[in-house]
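# Residue-level structural notes
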Amino acid sequence: MASSLPTVGTRITHSGSLGTVRYVGPVDGTQGVWLGIEWDDPKRGKHDGVKDGKRYFTCLVPNSGSFVRPTAAGISYGVTFLHALTSKYIEIPHGSASLEKVILGSSGGAIEVEAVGLDKIRNNLARLERLREVSLDNECVSRADSPGEIGRTCPGIRGLDLTKNLIATWGTVAAITVELQNLRSLSLNQNRLMPPDSSQLNAVAFQCLEELQISATLITWDEFQTLLPHMPALKAVEFGYNRMKAVSSNTWPANGTVQVVNLDSNELDSFQDVCSALHNLSKIQRLILTSNAIPKIDPPPSDEESPKVDGTVSRSPLHGIKHLALAFNRIATWHDIDMLQHWCLELESLTLAGNPLIDDRSHASYARPFTIAKIPSLKSLDGAAISMRERRDSELLYLSHIAKQTFASVDEKRAAHPQWEALSTKHGVTDAPAAPEPQDTLSNRLTTIRIYHGASAPPTSLPADERARYLGQCKTESLRVLSTMSVRTLRMKLIKSLKIPKARQGSVRLWMVLPDGHLVELDEEFAGRDLAYWGVDEDTQFILVDE
């Protein structure tokens, strides 16, 4: 191909940069033929296909184009699949006559030993038919080999990574995969494929494919819909970083296999449109919308607005979603969280970090508990599991928040807090006005602990009679502390309070008495942890010894 002019759409690499030919021909004011290239990396570009006011080509990404000569040094049009495979996975045997030496990795280059049998290892690795997982990331693959060669050479491949290569068409992808009958996972990230043409897609090329990654390919929603009928076993698809601003009205065809859809880092701004487009995915479990531009969660459509199948209202597939990622969007109100519970009735895990609602400092102290209270099915929030105790505390805190508000009617209260009635029934909370909460003063935050100053180290456990006898021999006093105080700070405070001489301060040891009478020594390993970590409350006992 290098000896003749490429066609529009051809992929090239030039001096380490990948690009797509968008124009072949003359440029006014110059002699000879030029190639108009849209570079995968926009920083490599100089313009948008316009020179001296004349447009020669158009770029998918603004200002990512430039002109180069077809004869420029360093231009490559890529290699075949098997050429790349053998170059990466096969090392030519050195021959029995050659003496090979290797440096021991742990010797820092100081120890060199003679190696025996390396050619045997190379021969084993060269058996390409044994390969199951293959990565040809950035290996300049641009085309398939002669029919039958790939199938004869490496028929066992189950996972294939063709990220960042020079493949220009889905027809080329199909020509490779049709010979890999065991293929289950395919990654085409960072390629620039022309829109798929159904006539180029072999009927069995993607029959067994379960996982497809096409992130950063700039594929559109409609183009992806063209591919779907050819992938009947697909379970998971990732197409993030595709500058996708919206999903069209072209709804996903009826599908009972897809469980995971990842739309991470696009520019989507309508949660409802995404849900409508995924309407026909009856088995979807996980939806990833991280780092988009979604500003709100609209109410689900009414029965009249919902899509119908054979005249019957079809249940939204999002009712079955268990994992939803909405981190780093633009969600800003609690009403949006209330709406999530209506969309996703079985939601178990949710990510919301990076949204204005969560990042707002005025919400920081209660953002997590309020979210937990509003979504009763939730088991994990922002990667942290929700315990039964945390759920109970969160729901009670939320109810106390509601109790402090005034509403004109029960309907208004119900509209503002959809979970109010269910939570009130669950916890036996009445509509009686809540008692005024104590003011958040420093005094109210202090906890009283009891300190026993012993002359010798205590036993490892303190049964009731022995504990009374040991503690009766100790000097005792009470101390008021903050739960945020670290163990190290508490030890220093005790040293000062008990007036321990400087000469004995280095030998100070501190124990906490657990509710069951056992002791735990708070040594230097735990010095940075605060008292709240240990569950310190009123009248918790500590023993200090300075032998």
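Everything in this summary refers to the structure shown in the same document.

Here is what the cut-offs are and how they apply
Residues numbered from 1 in each chain as written. Predicted model: local features only at pLDDT ≥ 70, side-chain atom pairs only at ≥ 80, totals over all residues. Heavy atoms only, no water. Phe/Tyr/Trp six-rings, centres within 6.5 Å; stacked < 30°, edge-to-face > 60°. Helix = DSSP H or I, 4+ residues; strand = E, 2+ residues; numbered from the N terminus. Buried < 20%, exposed > 50% of the residue type's maximum accessible area, 1.4 Å probe, protein only. Pairing = 2+ DSSP bridges. Axes fitted to C-alpha atoms, helices over the stretch in contact; angles between N-to-C directions. Contact = heavy atoms within 4.5 Å. Disulfide = S-S within 2.5 Å. Salt bridge = Lys/Arg side-chain N within 4 Å of Asp/Glu carboxyl O. Arc of directions from axis to C-beta.

### Some thoughts on the packing of aromatic side chains
Aromatic ring pairs are reported here in terms of the distance separating the ring centres and the angle at which the planes meet. Scanning all chains against the criterion turns up 15 aromatic pairs. When the centroid spacing of 5.6 Å and the interplanar angle of 85 degrees are considered together, the rings of Phe57 and Phe67 count as edge-to-face. Remark: Phe67 occurs in strand S6 (residues 65–68) and Phe57 occurs in the loop between strand S5 (54–55) and S6; sequence separation between them is 10 residues. Given the relative accessible area of 5%, Phe57 is considered buried. Residue Phe67 is classed as buried on the basis of its relative accessible area of 15%. Residues Phe224 and Trp252 carry aromatic rings whose centres are separated by 5.3 Å and whose planes lie at 80 degrees to one another, so their mutual orientation is edge-to-face. In this pair, Phe224 is assigned in helix H5 (residues 221–227) and Trp252 in the loop between strand S16 (236–238) and strand S17 (260–262), connecting sequence segments 28 residues apart. Owing to a relative accessible area of 0%, Phe224 belongs among the buried residues under this scheme. Residue class for Trp252 comes out buried when judged on its relative accessible area of 1%. Feature note: the residues Tyr23, Trp34, Tyr56, Phe57 and Phe67 constitute an aromatic cluster, connected by ring pairs.

### A word on the sheet that holds strand S27 (residues 508–513)
The strands making up a sheet are joined through hydrogen bonds of the backbone, oriented either antiparallel or parallel. The strand order across the open sheet formed by five strands is S26-S25-S29-S27-S28, and the pairing between neighbours is mixed. With partners counted over all chains shown, the strands left at the sheet margins are strand S26 (475–482) and strand S28 (519–521), one partner each. With strand direction ignored, the average angle separating the axes of adjacent strands in the sheet is 30 degrees. Of the pairings in the sheet, the one linking strand S25 (residues 446–454) to S26 comprises eight bridges and is antiparallel in character. Bridging across to S26, Tyr452 finds its partner in Thr476. Strands S25, S26, S27 and strand S29 (540–546) of the sheet are contacted by helix H15 (residues 487–497), whose axis makes an angle of about 135 degrees with S26.

### Let's talk about the state of the cysteines
One pass over the structure, following the stated rule, counts zero disulfides. Free cysteine: Cys275, not disulfide-bonded; nearest cysteine sulfur from Cys344 at 6.7 Å.

### Some details on the pattern of salt bridges
For the structure shown, the criterion picks out 21 salt bridges. Between Glu390 and Arg368 there is a salt bridge; the shortest N-O distance is 2.6 Å. Taken together, the residues span a long stretch of sequence, with Glu390 in helix H10 (residues 388–403) and Arg368 in helix H9 (residues 367–374) at a distance of 22 residues. Between Asp546 and Arg504 there is a salt bridge; the shortest N-O distance is 2.7 Å. Of this pair, Asp546 sits in strand S29 while Arg504 sits in the loop between H15 and S27, and the two are 42 residues apart along the sequence. Among the charged side chains, a network of salt bridges with common partners joins Lys322, Glu346, Glu348 and Lys379.

### A few points about unusual backbone geometry
One non-glycine residue, Lys164, lies in positive phi territory at about 55 degrees. Within the fold, Lys164 resides in the loop between strand S13 (159–161) and helix H4 (170–177). Lys164 gets classed as partly exposed once you look at its relative accessible area, which sits at 32%.

### Details of the sheet that holds strand S11 (residues 133–135)
Taken together, the 11 strands give an open sheet; going across it, the order is S11-S13-S14-S15-S16-S17-S18-S21-S22-S23-S24, and neighbouring strands pair in mixed fashion. Of all the strands in the sheet, just S11 and strand S24 (384–385) have a single pairing partner and so form its edges. When S11 meets S13, the two strands line up parallel, connected through three bridges. Its bridge partner being in S13, Val134 is matched across the sheet by Leu160.

### Section: helix H12 (residues 420–427)
Along H12, the positions that sit buried rather than exposed are Trp420, Leu423 and Ser424. Here the buried residues of H12 occupy an arc of 100 degrees about the axis, which is enough to place them on one side. More than 90 degrees from the buried face of H12, the exposed residues found are Thr425 and Lys426. Where the residues of H12 are buried, they touch H9, H10 and helix H11 (410–416). Remark: Gly428 follows H12 within two positions and exhibits a positive phi of approximately 65 degrees.

### A look at H15
Among all positions in H15, only Val487, Leu490, Arg491, Leu494 and Ile495 are buried. Projected onto a plane normal to the axis of H15, the buried residues spread over an arc of 140 degrees and lie on a single side. Looking at the buried residues of H15, the elements they touch are S25, S26, S27 and S29.

### A few points about the pairing of strand S2 (residues 17–25)
With seven of its nine residues buried, S2 lies for the most part within the structure. Pairing of strand S1 (residues 11–14) with S2, which is carried by four bridges, proceeds in the antiparallel orientation. Directly across from Arg11, in S2, lies its bridge partner Thr20. If you look at the hairpin formed by S1 and S2, you'll find two residues sitting between the two strands, and Ser15 has a positive phi there, around 55 degrees. In the sheet, S2 pairs with strand S3 (residues 34–39) via six bridges, with the strands oriented antiparallel. If you follow Gly25 over to S3, its bridge partner there is Trp34.

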